[in-house]
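Structure at a glance
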Amino acid sequence: MEKTIENEFLLAKVNLEGGCLTRLYDKKKKKEVLYDGKGEWPFSDHILFPVIGNNKTYSIEGKDCSLPKNHGFAWYSKFNIVKEKESSLTIKLTSFDIEKNKYPFAFELEIENKLEENKLIRISKITPKGKLPIIYQYGLHPAFNTNFSLASLEIESNTNLFVLEKGIIEKEMPWPFDNKWIANRKEIVSKDTLVLSNPNGKIALNNGLGNKITLISSCPYFALWTPEKENKDDFLCLESWYGISPYKTMKMELKERKDVQIIDKEKTYIDTLLIE
C-alpha cells in the first residue's frame, strides 16, 4: 500500500511494503525526479538493513545467519504507520516480523519521511529492544531519472574511490576524475558500483533532465549504481551507506567487519534530498 505526502514544492509516495520511496515529483518544474521502476530495475528505492550489498551470509557469535536476497530484508518487509500528516509520514519495522535465522537481534527501525519546502528529509531511528547491543549496516538506495548524455556529478574534494572487481572491493584510491564529473555510464557499469568516501557530507547529481539533486548526509560512504543494460528509462542510484559492501578479506563474523554499526541505545540518521 502506498501513502502520499506533499507540500507546495514536492509530492512523494512511500510504499509500506519495504518502506521505500516510489515517487518524488517536482511540482514547480513538473518533473518526475524518481525513477518509476518500470525498466531494467523493477524498483525505485531500497531500505538497506541489516547489511549492505551481497552480504547474504554472516555469523553472530559463531552462529550462521542466511538471507535470501542482497541488501538485507527491510526492503521487502512490511512497515506499519506510526504517524501520518499531509507533508510527513512515519513508519516502523520491528524484529517481531523477522525470522531469527535471518537476524537474531530485537530491534525497531523507524523512518520519518518529511517534506520541507524543496527538500525530502528521511530521519531513520534504529533502536535495540533487547538486552544485547545490535550489530548492523544501514543505507538508502533511491534511483533518479538521468539522461547520461547530459548528466554530471559534483564530487567533494578529498573523496576516495573504492575499486570493485566482481562485486568485491579490492582497493581504495583517490577519486581519479574531475570534481565536476560527466556521469560516464560505461565507467560506472565497469566498476559494478562506484563506492565513494564522504568527506564533507554532500554529493550532487545534475540529472540532465532539468533537476539538480543534492544528497546531504553524515554517512561515511556514497554509492553510485545503474544496471549494465541500457533502456529508455535510464537512472542513477545515489545511495547513502552507513557501512560498506563486501570487500577482500571480509570476516564471516558480522561484528568483525569493516564499518558495521554496534549500538546499545537508539541511533538516528538524517539524509536530506534537496531538489532544484
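Look above for the structure.
Residues numbered from 1 in each chain as written. Predicted model: local features only at pLDDT ≥ 70, side-chain atom pairs only at ≥ 80, totals over all residues. Heavy atoms only, no water.

1. What about the overall build of the protein?
Counting secondary structure elements, the protein contains 1 helix and 25 strands. Considered along the principal axes of its C-alpha atoms, the protein spans approximately 50 × 45 × 30 Å. Here the protein holds 276 residues, and the buried ones make up 54% of them. Sequence-distant contacts in the protein: of pairs separated by 6 or more residues, those separated by 24 or more amount to 62%. Carbon and sulfur atoms form 47% of the exposed surface of the protein, whose accessible area is close to 12600 Å². (Helix = DSSP H or I, 4+ residues; strand = E, 2+ residues; numbered from the N terminus. Buried < 20%, exposed > 50% of the residue type's maximum accessible area, 1.4 Å probe, protein only. Contact = heavy atoms within 4.5 Å. Areas by Shrake-Rupley, 256 points an atom, 1.4 Å probe, with all protein chains shown as cover.)

2. Thoughts on the side chain of Ser-197
Relative to the helices and strands, Ser-197 resides in strand S19 (residues 194-197). Here Asn-160 takes part through its backbone nitrogen, which lies 2.7 Å from a polar atom of the side chain of Ser-197. (Polar contact = N/O pair within 3.5 Å; in protein donor to acceptor, adjacent residues only side chain to side chain.)

3. Regarding the sheet that holds strand S15 (residues 152-154)
The antiparallel open sheet is built from 9 strands, whose spatial order is S8-S9-S10-S11-S25-S21-S20-S15-S18. The sheet is open, and its two edges are formed by strand S8 (80-84) and strand S18 (180-182), each paired on a single side. On average, each strand axis in the sheet is inclined to that of its neighbour by 15 degrees, with strand direction left out of account. Strand direction decides the pairing type here: strand S20 (residues 202-206) and strand S21 (residues 212-217), joined by 5 bridges, are antiparallel. Bridge pairing in S21 places Leu-205 opposite Ile-213. (Pairing = 2+ DSSP bridges. Axes fitted to C-alpha atoms, helices over the stretch in contact; angles between N-to-C directions.)

4. Here we look at the packing of aromatic side chains
Enumeration over the complete set of coordinates arrives at 22 aromatic pairs. Between Tyr-103 and Phe-107, the ring centres sit 5.8 Å apart and the planes meet at 70 degrees, which makes this aromatic pair edge-to-face. Neither residue differs from the other here; Tyr-103 and Phe-107 are each classed as buried. Taken together, a centroid distance of 4.3 Å and an interplanar angle of 55 degrees make the contact between Tyr-242 and Tyr-269 tilted. Residue Tyr-242 is located in strand S23 (residues 235-242), and its partner Tyr-269 is located in strand S25 (residues 267-275); the two are separated by 27 residues in the primary sequence. (Phe/Tyr/Trp six-rings, centres within 6.5 Å; stacked < 30°, edge-to-face > 60°.)

5. Examining the pattern of salt bridges
Scanning all chains against the criterion turns up 14 salt bridges. Here Glu-116 and Lys-114 are joined by a salt bridge, their closest N and O atoms 3.3 Å apart. For Lys-114, a relative accessible area of 21% translates into the label partly exposed. (Salt bridge = Lys/Arg side-chain N within 4 Å of Asp/Glu carboxyl O.)

6. Overview of the sheet that holds strand S4 (residues 31-32)
With antiparallel pairing, the 4 strands of this open sheet are ordered in space as S1-S2-S3-S4. Where the open sheet ends on each side, the last strands, each with one partner, are strand S1 (2-6) and S4. Strand direction decides the pairing type here: S1 and strand S2 (residues 10-15), joined by 5 bridges, are antiparallel. Note on S2: the bridge partner recorded for Glu-2 is Asn-15.

7. Overview of the nonpolar core
In terms of nonpolar packing, the biggest core is built from 67 residues, with Phe-49, Tyr-103, Leu-109 and Tyr-138 touching the most fellow members. Counting residues per element, this core draws most heavily on strand S10 (residues 107-116), which supplies 4 residues. Those residues in contact with Leu-109 that sit more than four places away from it in its chain are Ile-47, Phe-49, Ala-74, Phe-79, Ile-91, Lys-92, Leu-93, Lys-125, Ile-126 and Tyr-138. Judged by nonpolar contacts, the second largest core, of 11 residues, contains Phe-162, Val-195, Tyr-221 and Ile-244. (Core = buried A, V, L, I, M, F, W, Y, C linked by side-chain atoms within 4.5 Å.)

8. Thoughts on unusual backbone geometry
When glycine is set aside, most residues are seen to have a negative phi, and most peptide bonds are trans. Following Phe-49, the chain continues to Pro-50 via a peptide bond in cis, the omega torsion being 5 degrees. On the secondary structure map, Pro-50 appears in the loop between strand S5 (47-48) and strand S6 (57-60). A positive phi is found at Glu-117, a non-glycine position, where the angle reads about 50 degrees. Along the polypeptide, Glu-117 turns up in the loop between S10 and strand S11 (119-128). Note on Glu-117: relative accessible area 53%, which makes it exposed.

9. A word on the pairing of S20
Looking down a regular strand, the side chains alternate between one sheet face and the other. Most of S20 is tucked away, with 4 of its 5 residues classed as buried. Bridge count for S15 against S20 is 3 bridges, and the pairing is antiparallel. Looking at S20, one finds that Glu-154 is bridged to Ala-204. Connecting the antiparallel pair S20 and S21 is a turn made up of 5 residues, with Gly-208 showing a positive phi of about 75 degrees.

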